Amino acid sequence: CHSPGPATLNRLLLSSIHEPLDIVYTKESPDRLISMNCRARANPAPTYRWRRDNWEIKLMELPNEHYSLVGGNLIINNPEEKKHAGTYVCVAKNVYGTVISKEAKVKFGYLEEFPDEERDPVTVKEGQGAVLLCAPPKRWPTEVTFRWIYNEFPVFLHPDKRRFVSQSTGNLYISKVEASDAGNYSCYVFNPQIGKGVYSKFIPLISTEEKKRYKADLVVKFPDTTAMLNYNVTLECFALGNPAPHIVWRKIGATDLPASAQVSMSGALLHLYNVQYEDSAGYECEAINQKWQDWHQAWLYVEAAPEWAVTINNTQKDVGSEHTMSCVANGKPGPYIRWLKDGYSYGKGELKFSSLTFEDSGMYQCIAENYWGIIYASAELRVIACAPTFELNPVKKYLLGANNGRVVIECKPRAAPRPRISLWEFDFNVKILNATRNDEGVYTCLAENDRGKANSTGTLTITEATQITVAPEDTQVMVGEEVHLQCQASFDPSLDITFIWSLDFRVIDFYLEWKHYERIMDREDSGELKIMNVQLRHEGRYTCTAQTVVDNVTASADLKVKGLPAPPGGVRVEEIRDTSVKLVWNRGADHGNPILGYTIQTRDVYALTEVDWRDASTSPTALDGMSVMADVVDLYPWMEYEFRVYATNEFGDGEASIPSMKIKTWDAVPVVAPTNVGGYGGKDGELIITWTPVQPQYFYGKKFGYVVAFKPHDDVDWWYETISDPETRRYVHRDSSFRVKSNDFQVREFQVKVKTFNSKGDGPYSLSTTIYYPRDVPSESPTDVYSRPVSSHEALVWWIPVMDTGTGLQQYIDGYQVKYWRKYDDTEPGANRIFVPASMNQTRLENMLPDSHYLIEVRAYNGAGVGPPSEHCEMFTKRAPPSVAPQMWRYISYSGKWLYVWWHHISYDWFGNESFPLYYKVMFRKTGYITGPIYMTGWHFIDFPMPQVGDYELEVRGRYEGGDGPIRKIRLQGKASFLRPTLSLAAMLLLALCIVGLGI
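Conventions we followed
Residues numbered from 1 in each chain as written. Predicted model: local features only at pLDDT ≥ 70, side-chain atom pairs only at ≥ 80, totals over all residues. Heavy atoms only, no water. UniProt positions renumbered as here; feature names shortened; annotations may be inferred. Disulfide = S-S within 2.5 Å. Helix = DSSP H or I, 4+ residues; strand = E, 2+ residues; numbered from the N terminus. Buried < 20%, exposed > 50% of the residue type's maximum accessible area, 1.4 Å probe, protein only. Contact = heavy atoms within 4.5 Å. Polar contact = N/O pair within 3.5 Å; in protein donor to acceptor, adjacent residues only side chain to side chain. Core = buried A, V, L, I, M, F, W, Y, C linked by side-chain atoms within 4.5 Å. Pairing = 2+ DSSP bridges. Axes fitted to C-alpha atoms, helices over the stretch in contact; angles between N-to-C directions. pLDDT = per-residue confidence, 0-100. Salt bridge = Lys/Arg side-chain N within 4 Å of Asp/Glu carboxyl O. Patch = residues over 30% accessible without salt bridge, like charges linked within 9 Å, V, L, I, M, F, W, Y side chains within 5 Å. Areas by Shrake-Rupley, 256 points an atom, 1.4 Å probe, with all protein chains shown as cover. Phe/Tyr/Trp six-rings, centres within 6.5 Å; stacked < 30°, edge-to-face > 60°.

The name given to the chain in an unreviewed UniProt entry is Contactin 1b, with the source organism recorded as Oncorhynchus kisutch. Recorded in UniProt for the chain, the comment headed Subcellular location (unreviewed entry) runs: "Cell membrane". You can read under Sequence similarities (unreviewed entry) in the UniProt record for the chain the words "Belongs to the immunoglobulin superfamily. Contactin family."

Trainee: Which residues make up the state of the cysteines, and what are the values?
Mentor: Tallied over the full model, the rule gives 6 disulfides. Between the sulfur atoms of Cys38 and its disulfide partner Cys90 the distance amounts to 2.0 Å. Of note, the bridge from Cys38 to Cys90 carries an S-S torsion of about -80° and is left-handed in sense. Taken as a pair, Cys38 in the loop between strand E3 (33-36) and strand E4 (40-42) and Cys90 in strand E9 (residues 86-94) lie far apart in primary sequence, 52 residues in all. Each member of the pair Cys38 and Cys90 is classed as buried. For Cys134, the disulfide goes to Cys187, at an S-S distance of 2.0 Å. Given an S-S torsion of about -70°, the disulfide between Cys134 and Cys187 has left-handed geometry. Taken together, the residues Cys134 in the loop between strand E13 (130-132) and strand E14 (139-140) and Cys187 in strand E18 (residues 183-191) connect sequence positions 53 residues apart. In terms of burial, Cys134 and Cys187 fall into one category: buried.

Trainee: Help me get a handle on the UniProt feature "domain: Ig-like" (unreviewed entry) in the chain, residues and values and all.
Mentor: Residues given the UniProt feature "domain: Ig-like" (unreviewed entry) here are residues 20-107, 115-204, 216-289, 306-382, 388-461 and 466-560. Helix makes up 0% of residues 306-382 and strand 65%, whereas the separation of the span's terminal C-alpha atoms amounts to 28 Å. Helix makes up 0% of residues 466-560 and strand 49%, with an end-to-end C-alpha separation of 29 Å.

Trainee: Any chance you could break down the environment of Arg119 for me, citing the residues and the numbers?
Mentor: With respect to the secondary-structure elements, Arg119 resides in the loop between strand E11 (104-111) and strand E12 (122-125). In sequence terms Arg119 and Pro204 are 85 residues apart; their C-alpha atoms lie 7.9 Å from each other. Setting aside residues no more than four positions away along its own chain, Arg119 makes contact with Phe114, Leu133, Cys134, Ala135, Ser200, Lys201, Phe202, Ile203 and Pro204. Looking at Arg119, its side chain comes within polar contact range of the main-chain oxygen of Leu133, at 3.0 Å. Of the polar contacts made by the side chain of Arg119, one reaches the backbone oxygen of Cys134; its length is 2.8 Å.

Trainee: With reference to specific residues and values, describe the environment of Pro917.
Mentor: Inspection of the secondary structure puts Pro917 in strand E83 (residues 917-926). Placed 36 residues apart in sequence, Pro917 and Pro881 show a C-alpha to C-alpha distance of 8.1 Å. In contact with Pro917, not counting residues within four places along its chain, are Ile906, Tyr908, Arg959 and Tyr960.

Trainee: Residues and numbers for the nonpolar core, please.
Mentor: Within the largest apolar cluster, 23 residues are counted, with the highest numbers of intra-cluster contacts made by Trp249 and Tyr283. Secondary structure elements with two or more residues in this core: strand E21 (214-221), strand E23 (233-242), strand E24 (246-251), strand E26 (269-272), strand E27 (281-288) and strand E28 (293-310).

Trainee: Break down the UniProt feature "domain: Fibronectin type-III" (unreviewed entry) in the chain for me, with residues and values.
Mentor: The UniProt record marks residues 567-668, 673-776 and 781-883 with the feature "domain: Fibronectin type-III" (unreviewed entry), using the residue numbering of this structure. Secondary structure content for residues 567-668 is 0% helix and 47% strand, while the C-alpha to C-alpha distance between its ends is 34 Å.

Trainee: So what's going on with the sheet that holds strand E87 (residues 963-973)? Residues and values would help.
Mentor: Pairing between the strands of a sheet comes from backbone hydrogen bonds, and it takes one of two forms, parallel or antiparallel. The strand order across the open sheet formed by 4 strands is E84-E83-E86-E87, and the pairing between neighbours is antiparallel. Only two strands of the sheet have a single partner each, and these edge strands are strand E84 (934-937) and E87. Between one strand axis and the next, the sheet turns by 20° as a mean value, whatever way the strands run. The sheet contact formed by strand E86 (residues 951-960) and E87 spans 9 bridges and is antiparallel. Opposite Arg957, over in E87, you have Ile967 as the bridge partner.

Trainee: Go over the side chain of Asn593, please, and point to the residues and values.
Mentor: As for its position among the elements, Asn593 is in the loop between strand E56 (581-586) and strand E57 (597-604). For Asn593, a relative accessible area of 4% puts it in the buried group. Beyond its immediate stretch of four places on either side in the chain, Asn593 contacts Lys562, Gly563, Asn649, Glu650 and Phe651.

Trainee: Before we move on, could you go through the sheet that holds strand E8 (residues 73-77) and cite the residues and values that matter?
Mentor: The strand order across the open sheet built from 3 strands is E3-E8-E7, with neighbouring strands paired in antiparallel fashion. At either end of the open sheet lies a strand with only one pairing partner, and these are E3 and strand E7 (67-70). Between one strand and the next, the sheet's axes are offset by a mean angle of 20°, whatever the strand orientation. The pairing of E7 with E8 spans 4 bridges and is antiparallel. Paired with Tyr67 across the bridge in E8 is Ile76.

Trainee: Explain the environment of Gly682 to me, and be specific about the residues and the numbers.
Mentor: In this structure, Gly682 sits in the loop between strand E65 (675-681) and strand E66 (686-692). Judged by its relative accessible area of 10%, Gly682 falls in the buried class. Considering only alpha carbons, one finds Gly682 and Pro335, 347 residues apart in sequence, at a separation of 65 Å. When residues no more than four places from it in sequence are discounted, the contact partners of Gly682 are Ile688, Tyr773 and Gly863.

Trainee: If you had to explain unusual backbone geometry to someone new, which residues and values would you point to?
Mentor: A cis amide bond links Trp140 to the next residue, Pro141, at an omega of -5°. Take Pro141: it is sitting in the loop between E14 and strand E15 (145-150). Look at the link from Phe153 to Pro154: it is a cis peptide, with omega at 5°. Looking at the secondary structure, you find Pro154 in the loop between E15 and strand E16 (163-165). One non-glycine residue, His591, adopts positive backbone phi at about 55°.

Trainee: I'd like a rundown of the pairing of strand E54 (residues 552-562), residues and numbers included.
Mentor: With 4 bridges connecting them, strand E46 (residues 475-478) and E54 associate as parallel partners. Residue pairing in the sheet places Met478 in a bridge with Lys562 of E54. Pairing of strand E53 (residues 540-547) with E54, which is carried by 8 bridges, proceeds in the antiparallel orientation. Along E54, the bridge assignment pairs Cys544 with Ala555.

Trainee: Break down the confidence of the model for the chain for me, citing the residues and quoting the values.
Mentor: Within the chain, residue pLDDT values average 85, and 92% of them lie at 70 or more. A low-confidence stretch, residues 424-429 stays under pLDDT 50, and its non-local contacts, those more than four residues away or across chains, total 8 contacts.

Trainee: Give me the pattern of salt bridges: which residues, what numbers.
Mentor: Going through the model one piece at a time under the given rule, you end up with 37 salt bridges. The salt bridge partner of Arg49 is Glu56, with a shortest N-O separation of 2.3 Å. For Glu448, the salt bridge is made with Arg420, and the minimal N-O distance between the two is 3.8 Å. Of this pair, Glu448 sits in strand E43 (residues 441-449) while Arg420 sits in strand E41 (residues 420-424), and the two are 28 residues apart along the sequence. The exposed category is assigned to Arg420, whose relative accessible area is 53%. Here the residues in one salt-bridge network are Asp160, Arg162, Arg163, Glu178 and Asp181, joined through shared partners.

Trainee: So what's going on with a nonpolar patch on the surface? Residues and values would help.
Mentor: Taken together, the side chains of Trp910, Phe911, Phe916 and Leu918 present a nonpolar region at the surface, about 530 Å² in accessible area. Structurally, Phe916 is set in the loop between strand E82 (898-903) and E83. Among the residues examined, Phe916 registers a relative accessible area of 31% and is labelled partly exposed.

Trainee: Describe the packing of aromatic side chains, listing the residues and the values that go with them.
Mentor: Taken as a whole and judged by the stated rule, the model has 29 aromatic pairs. Between Phe164 and Phe238 the ring centres are 5.2 Å apart and the planes differ by 20°, which places this aromatic pair in the stacked class. Of this pair, Phe164 sits in strand E16 while Phe238 sits in strand E23; the two residues are 74 residues apart in sequence, bridging distant segments of the chain. Judged by relative accessible area, Phe238 falls into the buried class, the value being 3%. When the ring of Trp903 is compared with that of Tyr920, the centres are 5.6 Å apart and the planes differ by 65°; the resulting orientation is edge-to-face. One end of the pair, Trp903, is in strand E82; the other, Tyr920, is in strand E83, and 17 residues separate them in sequence. Under the relative-accessibility criterion, Tyr920 is labelled buried at 5%. Through pairs of rings, three or more aromatic residues link up here, namely Phe153, Phe156, Tyr188 and Tyr199.

Next up, the structure:
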């Protein structure tokens, strides 16, 4: 064949991994050069040229002190912004065509210094909000990070609920100024792409005493924002006010934020990860405090760079034929499509050729572009012309056909233009229907076009048709039974026959499924199928195919299996409420036995494993065999659930359905209050309030948090603080007025309580609790400290507690600190410490070392600190158990019904470092289970009924004064239920005579 190109396609393609990329160059670069990559796959090797801003760079004609070419890579030495910034493309060319790379921009990065002028101080009253302006210098790229230095470098300010640094403007916002905020602040700007940072002159912040409350005022408001599809975007919102406002985010028109959303910086930032089109919406931030609420709304638009939906491929076409080249790209805004041929503009939209010529051959590039990017697709169009030839696809030399069957003689020469086809001997179509012996003979195919002609010949022979003589019959069996399906066929004796079985159009693999399927080939014309230990999954339509090299014939039969019911289908939720849903399903096959009832199971988002399903409460309570819907009740509000259903018949419970789609119940007002509310007074006016957080399943809605209420015992008005983090378990309030005065005789009392809230409303308060602000640390020490060792690593310690004389004598106790350390080997500062509540006067000491001399000390403590120590209690831990497990043997009785196990006694050395043996523990459990029955014995043998079903493990370990010793384990395979073992001395005597066993 003739074409203007080589014999194969793909002779000139730019490799996407070697196309130039955008570059940001900085003058501080140590290399003082820019390298732009370009490499094409081509044969013969291409030549390379580069263009800058659509002007060709003269690399070959004139020497250049800046530009050089290494392979296809462009090297720019000592770059200068005025000469070398711009848009570059690589052009690769050989004798068969030209392609150009995608555009790559070279820009020069910089970050100017802050001005040298001193910054004016900012004076603000305590409780008011403050804004420190960064006024960052000019830079490129514009994407930088902002931080603030406090008083001296490198002490950086850590943003929190009160303090926020905008990454858009760099400004520092303080919602309410406190006395500790006074100091000097400097704005630090860092450009990660060029690795440079600068900082401003210090801005003094001066605070004056005046505590007032101010309404929430949003000062950082995110604008209308456009984000790229599959990229991340961050929205900023921050408010001034006293108390510090709480920020709440909402998606307008939706009940919840997108699943990929994350709120951080105490609510000031909303991060949307992997943004999708459905995230495009209005977003609202609301700032709330006790004085006021303020809100702001703006729109998020989502757009996308071009992405190919339909692209072009290398194509070979006949000269003179029609051809259409088109490509389709998705994107937002819709991409603009244009074409290049051999590197030059060639049109737009769709390319149509009514009659291809050799001049149309070449390298074509489809380009799709919009505001967000540009993509290229390259392909070769090759126009060919050649005389017919059968070299690659001749007519088959020997052709076979079945009597009364259909015969097709293929004639597929290679030719361009398309040739004229005719048959010698029979001058009609090469498709023969209802073939007979009269159709046998020699067939020759002749192909001819304007460039030449060629022929190819084959001989047709007609054989006897294959027929099914004994077909399989419909059959019904019980689970576990055996069934035979017959299949016999007649066929031409000159041919070989094979029988293929399939179940519901899936071919049975007898090698992999040998446990259930066997093909009986006792006769050449028979392919009987035997199905052993039939299961429900074996039900369906079985098809026998009798096949020769000429033809094939099939026969089918249905196998019905009676057994457990099939899983219901189409499980779906049709109505969603806060604590219930309406569940609907379709009945599954009953497998020959009426369905007695259905059971619904649920799994929520906190399920520990994939199989952690639990039976659900329903209405009606009992679901009969005709049920197809039910209300699932007693669900948690605002919880993600999925459901499944299984049926029951007289054989038992069937397989569960495929789980429904996950749904979330509607939200509701919380009804559970925090527990264990308590606290204590600390130092310097600190009041610490603690509680046990509510479990997530009781949140009942979004935006869950806590309201902490507290007041001095004799006051009427409560103080309130809002906590937006649902995992918070303590709140620290600082107020100088809480400090105990020198003339205070009594301990100060405070009433505290905590309630929950979410977006639907407030939940109940916990019971009020009294906590105390002590005047001083406890003045008395615990007495009569005693201890005793429990094992080589543990001990118990107890004491007579300090008398809590109440508030009158300033002797309030929060709890006790227990310290313990080795007398001669450890130092007291490194001692282990345990804290126990004041209601307890004993505890367990753990992680001790064996056979060691310990000192134990107990002190009382409260929020002001720890009191004086008790007298030291001395004790010795016990010696450690042996490090080696007992040697063990096993023996299975001749009948296979009993298992005998015996082991060596552990010898004891009175002068050694190991503790004294007490007895032995034996556990017999099923493999995969964590626990099982434990038996204790002073003997060194035991016998069990030998299990006949399942795998089991038997473990033996010694119990010593110092604790449990190491485990010796054996594994068993068998088939019987586990019965209680017996200790049989007679069996052991018999076992001693039979020295047959396996040493472990």
